Amino acid sequence: MTKKEEKTNVMRLLDKEKIAYTAHEYDHSDGAIDGVAVAQKLGQDPAQVFKTLVTRGASGSFFVFCIPVAKELDFKKAAKSVKEKSVAMIHVAEINQITGYIRGGCSPLGMKKRFITVFDESVLGHTSVMVSAGKIGYQVEAAPKDLMRLCNATAAPLTMAE
């Protein structure tokens, strides 16, 4: 008997909204859960695997940015995209309290509250991208337009120049 596929809240949300996706599971027993390691484990192009970063703006509001795993967030571009004076990463200890997720398993979908979410503009050049399924060891792959619609996201240039 095969073990029943574990459904995360993100997968249930995608099912509820009737959004087509592919669930991917990866082994994280080695402790390597950074985005580049996850992309390698899944045999995916790091440009199509997006990490979810949670920031606090100068106003005190929270903002979510999704960028390719091998890239770095350009804080000036990120702030400009949400019309803030500045943004800074939240402390790791705050992630669960703010989003309901843990570090390494933070998804732009299904957070405790809806925050302004911006994907790096490179997302628009892909037919499918991966984001965390809300739990370490799980990713979901779907069309960028569907993911963005579900978290009411926009796209803007967000990453540091190479």
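A brief look at the structure comes next. Treat the numbers as computed from the prediction; the structure is a model and nothing was measured.

### Observations regarding the pattern of salt bridges
Within this structure, the stated rule accounts for six salt bridges. Across the salt bridge formed by aspartate 15 and lysine 7, the nearest N and O atoms sit 2.8 Å from each other. Taking the shortest distance from any N to any O, the salt bridge between glutamate 17 and lysine 16 comes out at 3.8 Å. Owing to a relative accessible area of 37%, glutamate 17 belongs among the partly exposed residues under this scheme. Overall, the relative accessible area of 63% leaves lysine 16 in the exposed class.

### Considering unusual backbone geometry
Although it is not a glycine, lysine 18 adopts a positive phi angle of roughly 55°. As for its position among the elements, lysine 18 is in the loop between α1 (9–16) and β1 (22–25). Given a relative accessible area of 75%, lysine 18 falls into the exposed group. The backbone of lysine 83 sits at a positive phi, close to 55°, despite the residue not being glycine. Looking at where lysine 83 falls in the secondary structure, it is placed in the loop between α3 (75–81) and β4 (87–89).

What counts and what doesn't
Residues numbered from 1 in each chain as written. Predicted model: local features only at pLDDT ≥ 70, side-chain atom pairs only at ≥ 80, totals over all residues. Heavy atoms only, no water. Salt bridge = Lys/Arg side-chain N within 4 Å of Asp/Glu carboxyl O. Buried < 20%, exposed > 50% of the residue type's maximum accessible area, 1.4 Å probe, protein only. Helix = DSSP H or I, 4+ residues; strand = E, 2+ residues; numbered from the N terminus.

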